[in-house]
Every structure is written in C-alpha cells, then in structure tokens.
Amino acid sequence: MNPEKLLPADVPVPPGRMITSDEGDGDVQALWLSDGPVSAELWARVHAEHADSGLWPLLLDSRQLGDAEFRPWGSGEIFPERMSSPDLHDPAELLAKWWTEYTAVDEDDDMLSPDERRAVTAPFGQVWPGLAPGCEPATDPDRLAAEYAGYFASGRPLSRLGLVVARSGADALTAVGWDGPANYGNDIATVSAVVSDWERRFGARVVGLGSDTLHLSIAAPPKSTEDALLVAAEHFAFCPDNIWQRARPCTLAAYADRLVDSHCWEFWWD
C-alpha cells in the first residue's frame, strides 16, 4: 500500500511506514502508520477520499501515553490472519447470544447476588429485548464523523493516522487485525458485523481506536428513553464493561440516559 499513489496530490501524506503483523510468517502488512501525530483535518481529508482510494483512516491511540514504540500499532501487535470475514456473521444473532452469556446468573458470583445481577439489566433482566429501531440521520454521517475526529484529536493530541484498505470503517477493524476485546473473543469479524449494522441503522462511523477502545460517531442517536434502553441493551451485549465498570450507577437505565441524543459512542474492554 502506497498512500501517496492512492490519495490525490493535494492530500498531504505525512511520513510513515507499513506495519508488518508479528503473527504467522510476518508478511502481512495490514496497516500504514504515520510516524507522528496528525491533525483531525487530515483525517477528514483522507476520509473524504475513501470511495476513490479504498483507504479507511483511523485515529490511533497508543497503549500508554508517550510509548516510544506506539504499541500495539507500531510494534505490529495486530492479527489480521486470525480473523474470519464479517460477512459470515449475523449481527442480531451475535447480540442475542452475547446478551444471554452476559446476563446469565452465576450462583457462585462473589461480586453480585442473582437479584443484583438482574437489576443491572432491568427492565429486561435476562430477556433479550431485540434490536433497537434505526432512524434517518438528522445530519450527514460523514460530516459528523469529521467533527468528532476534531473532538477525539483534541483530547488525544498524540494520536497518529492509520490507513487500512477496507470497504468501511467496520470492516477496517477486521482488516487491521485489532484485538481490543481480546478477553471476550479473538475474532474481530464479529465486532465488525455489529458495527456495520450500526453504520446502517444509526449512521455510525469508525473514527478512533486504542489498544482496547473503540470510538464511533453517531449521526442518528436514540431520541427517547425507550429507544435508548434498547440501544443500551445492544451496548451491554457488545461491551458489558461499558456498564459493569464505567460511570455509576452501573445499570442499563442509567447508561441509557447518557445515550439520548449522544453523537458519540465510546467502548472500553477490560
């Protein structure tokens, strides 16, 4: 991959290099990484050219602030060989399966009693409520993504630009071989399948990635508490740590309140 050949001449490509996966034979180069921080404006310009270049831009955050290797990206801790195809997975089935797994009551749980565990996902308890309805975005998803890139970069001024050959941001997660939710599963194609569905239903765009974080802009967020509860259920199935280990109270209802009219979804896996 040579970004200078794939992007128009008026899009400045900063110094960078291809990253080789440290898995397998070490010959898979799934990621181009800039040598230093970049502006959100550059992300937006590269993103605007995606349809022609085939390159999806990612604002990448390192595992530790000031890491000279810029792990996991600069050190090649990416695993594209491990992944299946997102097209093989049904997002509705995945979310329902994960919900069942994460709401299961363990009588030996020394952290929460069965009643306390069910209360986390009230009013649904252990019953999967189904997918939230999508709606037409009130604003252009790509313009909103560019705005969110500015917010992301302002809070993480050392983030670098990653370029991945992918048909969408959702597919870029699999193509680059990211393993952020490694404690929950190693095949990121399942994550890509769900995010792809969110691209369709909520105008989601993948903007940033950390070693264990995912940052999406959302052009069509839920507008009511009722719809937000259904979205919150999807988020719990997708990333239970967002509810279990984030802002208190650690309940689906409290989390749903924060989703109403929110134009960014950010996920973190322990």
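Parameters and conventions
Residues numbered from 1 in each chain as written. Predicted model: local features only at pLDDT ≥ 70, side-chain atom pairs only at ≥ 80, totals over all residues. Heavy atoms only, no water. Phe/Tyr/Trp six-rings, centres within 6.5 Å; stacked < 30°, edge-to-face > 60°. Helix = DSSP H or I, 4+ residues; strand = E, 2+ residues; numbered from the N terminus. Buried < 20%, exposed > 50% of the residue type's maximum accessible area, 1.4 Å probe, protein only. Lys NZ or Arg CZ within 6 Å of the ring centre and 35° of its normal. 1 Å grid on protein atoms, 1.4 Å probe; cavity = no way out; pocket = protein on both sides within 12 Å on 5 of 7 lines; lining within 4 Å. Points joined across faces, edges and corners; volume = space filled by probe spheres on them.

Applying the stated criterion to the full structure yields 15 aromatic pairs. Measuring from ring centre to ring centre gives 5.0 Å for F238 and F267, while their planes differ by 75 degrees; the resulting arrangement is edge-to-face. Taken together, the positions of F238 in helix α9 (residues 225-238) and F267 in strand β7 (residues 264-268) put the pair 29 residues apart, joining distant regions of the chain. According to the relative accessible area criterion, F238 is buried, its value standing at 5%. Given a relative accessible area of 1%, F267 falls into the buried group. One Lys or Arg, R82, reaches over the ring of F79 and ends 4.3 Å from the middle of that ring.

Under the criterion given, the structure shown has one cavity of 30 Å³ or more. Estimated volume of the largest cavity: approximately 30 Å³. As for the largest cavity, its lining consists of Y102, T103, R117, V120, T121, F236 and W244.

Once that is clear, we can look at unusual backbone geometry. Here the residue pair R71 and P72 is connected by a cis peptide bond, since its omega of 0 degrees sits within 30 degrees of zero. As for its position among the elements, P72 is in the loop between β3 (55-60) and α4 (91-103). Positive phi is not limited to glycine here, since F70 has a value of about 55 degrees. For F70, the position within the fold is in the loop between β3 and α4. Judged by relative accessible area, which is 4%, F70 ranks as buried. For D261, which is not glycine, the phi torsion reads 65 degrees and is therefore positive. Within the secondary structure, D261 is located in the loop between α11 (252-259) and β7.

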